[in-house]
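Coordinate inspection notes
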Amino acid sequence: MTIVDRIASLLDESEIKYEREDNVLMMRWKTDHFDDLKIKIAANKDESWAYIVAPFTNFYEVEETKRMKLAYEMLKESWKANGVKFAIDEDDDIIVIAETNDTDLTADEVKTLVSHVVHACDTLWGIYPE
């Protein structure tokens, strides 16, 4: 059983709805600021890490004069946030991510990681320039 299979069974156990495409699980959440927040769960190639990721817009879509302030605010929020990072991936997309190398996760641990990412997305909404 792959780590993604294991996490899928934990989501089933927790009655959290998701869609599966290959080795990626995708959930949709409604929050105070998002009507359709997409959260993805994937693993690295050797399945030693699981990633819970919320992708956002490309960093370069942010107005040039506001990029550095956003990057600074993301760095500060990464320090404050519980178990998540605000980051820019290799495609220059802004992401909120939680990661774990615990391959023996429990349903409660998965729910906690997902909830931290969902909450952090609302935080990102608050610092994202208009």
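We now turn to the structure provided with this report. (Residues numbered from 1 in each chain as written. Predicted model: local features only at pLDDT ≥ 70, side-chain atom pairs only at ≥ 80, totals over all residues. Heavy atoms only, no water.)

Turning next to the overall build of the chain. Of the regular secondary structure elements, the chain holds three helices and six strands. Secondary structure elements of the chain occur, N-terminal to C-terminal, as α-β-β-β-β-α-β-β-α. A globule of 130 residues ought to have a C-alpha radius of gyration of about 14 Å, and the chain, at 15 Å, matches this closely. Within the chain, the fraction of its 130 residues that count as buried is 38%. When contacts within the chain are restricted to residue pairs at least 6 apart in sequence, long-range pairs at least 24 apart make up 53% of them. (Helix = DSSP H or I, 4+ residues; strand = E, 2+ residues; numbered from the N terminus. Rg over C-alpha atoms; globule rule 2.2 N^0.38 Å. Buried < 20%, exposed > 50% of the residue type's maximum accessible area, 1.4 Å probe, protein only. Contact = heavy atoms within 4.5 Å.)

This part covers the packing of aromatic side chains. According to the stated counting rule, one finds two aromatic pairs in the structure shown. When the centroid spacing of 5.6 Å and the interplanar angle of 80 degrees are considered together, the rings of Phe59 and Tyr60 count as edge-to-face. Overall, the relative accessible area of 48% leaves Tyr60 in the partly exposed class. (Phe/Tyr/Trp six-rings, centres within 6.5 Å; stacked < 30°, edge-to-face > 60°.)

Of the strand pairs in this sheet, strand E1 (residues 19–21) and strand E2 (residues 24–29) are connected by three bridges, and their pairing is antiparallel. Residue pairing in the sheet places Glu19 in a bridge with Met26 of E2. Bridging between E2 and strand E3 (residues 37–43) involves five bridges; their strand directions are antiparallel. When the bridges of E3 are listed, Trp29 appears paired with Leu37. (Pairing = 2+ DSSP bridges.)

This brings us to the sheet that holds E3. The six strands lie next to each other as E1-E2-E3-E4-E6-E5, forming an open sheet whose pairing is antiparallel. Each edge of the sheet is formed by a strand with only one pairing partner; in this case those strands are E1 and strand E5 (85–88). Averaged over neighbouring strand pairs, the angle between their axes works out to 30 degrees when direction is ignored. Where helix H3 (residues 107–127) meets the sheet, it contacts E2, E3, strand E4 (50–58), E5 and strand E6 (93–100), and its direction lies at approximately 155 degrees from that of E6. (Axes fitted to C-alpha atoms, helices over the stretch in contact; angles between N-to-C directions.)

Before going further, it helps to examine the nonpolar core. Counting residues in each nonpolar core, the largest one holds 36 residues, and the members touching the most others are Ile7, Ile39, Val96 and Val117. Only helix H1 (3–13), E2, E3, E4, helix H2 (64–80), E6 and H3 provide two or more residues apiece to this core. With 10 residues, the top contributor of residues to this core is H3. Sequence-distant contacts of Val96, defined by excluding residues within four places in its chain, comprise Ile52, Val53, Ala54, Phe56, Val84, Lys85, Phe86, Val117, Ala120, Cys121 and Leu124. (Core = buried A, V, L, I, M, F, W, Y, C linked by side-chain atoms within 4.5 Å.)

Now for the packing of H2 against H3. Between H2 and H3, the least distance of the axes is 10 Å, while the angle of their chain directions is 150 degrees. In this structure, H2 crosses over H3, and the sense of that crossing is right-handed. Note on element contacts: H3 touches H2 through Thr123, Leu124 and Ile127, opposite Leu70, Glu73, Met74 and Glu77. A per-class count over the contact of H2 with H3 returns four nonpolar, one polar and two charged. (Left-handed = near helix turned anticlockwise from the far one by under 90°. Nonpolar A, V, L, I, M, F, W, Y, C, P; charged D, E, K, R; others polar.)

This is a description of form; function is not addressed.
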